[in-house]
Amino acid sequence: MGGSFSALAAFQPLHLVMLGLDSAGKTTVLYRLRFNEFVNTVPTIGFNAERIRLSGGAARGLSCHVWDAGGQEKLRPLWKPYSRGADGVVYVVDSVDAERLEEARVELHRIAGFAENQGTPLLVFANKQDLPGSLGVEEVEGRLALGDLGPATPYHVQPACAITGEGLDEGMEQLYEMIVKRRKAVKQRKRRQ
Ligand code: G3D
Ligand code: MG
């Protein structure tokens, strides 16, 4: 799959948005996906915005805009303009922190509920699988109520450990496949019109 993915990405960088509560592991995921170029880094009070280009493996050529919105609820509305028009959303959760999964669910459904995000493929990294007590895929899927997102939003939950990199490439591959599938469906719909 790497070949076709790289070919597409080389011509048409995908725009991904990575979201998640603070300390879910977003930064660690990004380092693991091997980026070689900081396009922009804007550390601000309470949150970070980073635009990077991924360089490794399946993610080669992907442009990724990352929002690390932290615990600052009043800043989370900023996720909206940055998820608009994205080809895919990567949502990272800490699979051990059951309490904050509830907060993660609320924020995720807020993002997925925006009209502009209807149908945008969603990859959930159920991160920190190396830690004892980490919740499994089905538990995370249930707690995030992904079934309530509706049939228009394709999603995949990938168990991952950002420290070792386990599961990351598999997750990105699934996301890529969902994006391609969606593009094909949109094209077919246009043709029929
Ligand atoms: P964020 O960018 O979403 O805020 P970070 O999260 O990537 O900064 O990660 C927050 C903390 O979780 C870091 O630890 C990081 O090392 C740890 N972490 C990230 N992914 C994993 C994982 O898969 N397994 C384990 N065990 N830890 C992980 P510190 O100690 O630096 O706060
Ligand atoms: Mg971070």
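The structure this text deals with has already been given above.
Rules and cut-offs
Residues numbered from 1 in each chain as written. Chains lettered and ligands numbered in written order. Predicted model: local features only at pLDDT ≥ 70, side-chain atom pairs only at ≥ 80, totals over all residues. Heavy atoms only, no water. Core = buried A, V, L, I, M, F, W, Y, C linked by side-chain atoms within 4.5 Å. Buried < 20%, exposed > 50% of the residue type's maximum accessible area, 1.4 Å probe, protein only. Helix = DSSP H or I, 4+ residues; strand = E, 2+ residues; numbered from the N terminus. Contact = heavy atoms within 4.5 Å. Salt bridge = Lys/Arg side-chain N within 4 Å of Asp/Glu carboxyl O. Patch = residues over 30% accessible without salt bridge, like charges linked within 9 Å, V, L, I, M, F, W, Y side chains within 5 Å. Areas by Shrake-Rupley, 256 points an atom, 1.4 Å probe, with all protein chains shown as cover. Lys, Arg positive; Asp, Glu negative; His and termini not counted. Charge placed at Lys NZ, Arg CZ, Asp CG, Glu CD. Pairing = 2+ DSSP bridges. Right-handed = clockwise from strand over helix to strand, strands pointing away. Expected span 1.5 Å × (residues − 1). Arc of directions from axis to C-beta. Near = heavy atom within 4 Å. Polar contact = N/O pair within 3.5 Å; in protein donor to acceptor, adjacent residues only side chain to side chain. Nonpolar A, V, L, I, M, F, W, Y, C, P; charged D, E, K, R; others polar.

In this structure, Tyr91, Val93, Leu122, Val124, Val140, Leu144 and Leu146 are the most contacted members of the largest nonpolar core, which totals 23 residues. For this core, the secondary structure elements donating two or more residues are strand 1 (15–19), strand 5 (88–94), helix 4 (98–113) and strand 6 (122–127). A total of 5 residues in this core trace back to one element, the largest contributor, which is helix 4. If near-sequence neighbours (up to four positions away) are discounted, Val93 is found in contact with Ala24, Leu101, Ala104, Val124, Phe125, Ala126, Asn127, Val140 and Leu144. Core analysis: the second largest hydrophobic core is formed by 19 residues, Met18, Ala24, Val92 and Met172 among them.

One pass over the full model with this rule turns up 8 salt bridges. The salt bridge involving Arg183 is made with Asp87; its shortest N-O contact spans 3.0 Å. Here Asp87 lies in the loop between helix 3 (79–83) and strand 5 and Arg183 lies in helix 6 (residues 168–192), a separation of 96 residues in the sequence. Among the ionic pairs, Arg110 bridges to Glu107, the shortest N-O distance being 3.2 Å. Of the two residues, Arg110 and Glu107 both sit in helix 4, 3 residues apart, roughly one turn of that helix. According to the relative accessible area criterion, Arg110 is partly exposed, its value standing at 45%. Salt bridges sharing partners connect three or more residues here, namely Asp22, Arg100 and Glu103.

Residues Asp130, Glu166, Asp169 and Glu170 make up a contiguous surface patch of negative charge. Relative to the helices and strands, Glu170 is located in helix 6. For Glu170, a relative accessible area of 45% puts it in the partly exposed group.

This next bit is on the pairing of strand 7 (residues 155–159). As paired strands, strand 6 and strand 7 are joined by 5 bridges and run parallel to one another. When the sheet's bridge partners are listed, Phe125 is paired in strand 7 with Gln158. Regarding the hand of the β-α-β motif, the stretch spanning strand 6, helix 5 (residues 137–143) and strand 7 is right-handed.

Taking 1.5 Å of rise per residue, the 16 residues of helix 4 would be expected to cover 22 Å, and the 23 Å separating its terminal C-alpha atoms lies within 8% of that figure. When helix 4 is considered as a whole, its buried residues turn out to be Leu101, Ala104, Glu107, Leu108, Ile111 and Ala112. For helix 4, the arc enclosing every buried residue in end-on projection is 135 degrees, short of the 170-degree limit, so these residues lie on one face. Every exposed residue of helix 4 that faces more than 90 degrees away from the buried side is listed here: Glu99 and Gly113. Its buried side turned inward, helix 4 meets strand 1, helix 3, strand 5, strand 6 and helix 5.

Within the structure, ligand 1 sits among 16 residues, and Ser23, Lys26, Thr27, Thr28 and Asp130 are positioned closest to it. Lys26 is positioned with one of its side-chain polar atoms (N or O) 2.8 Å from an oxygen atom of ligand 1. Here an oxygen atom of ligand 1 sits 2.9 Å away from a polar atom, N or O, in the main chain of Ala162. In the complex, 65% of the free accessible area of ligand 1, which totals 650 Å², lies under the protein chains. Per-class residue counts for the shell around ligand 1 are 6 nonpolar, 5 polar and 5 charged.

Below, the discussion takes up the environment of Gly88. Note that Gly88 resides in strand 5. Residue Gly88 is classed as buried on the basis of its relative accessible area, which comes to 0%. Along the backbone, Gly88 and Leu16 are 72 residues apart, and their C-alpha atoms lie at a distance of 5.0 Å. Among all residues touching Gly88, those that are not within four sequence positions of it are His15, Leu16, Val17, Thr120, Pro121, Leu175 and Ile179.

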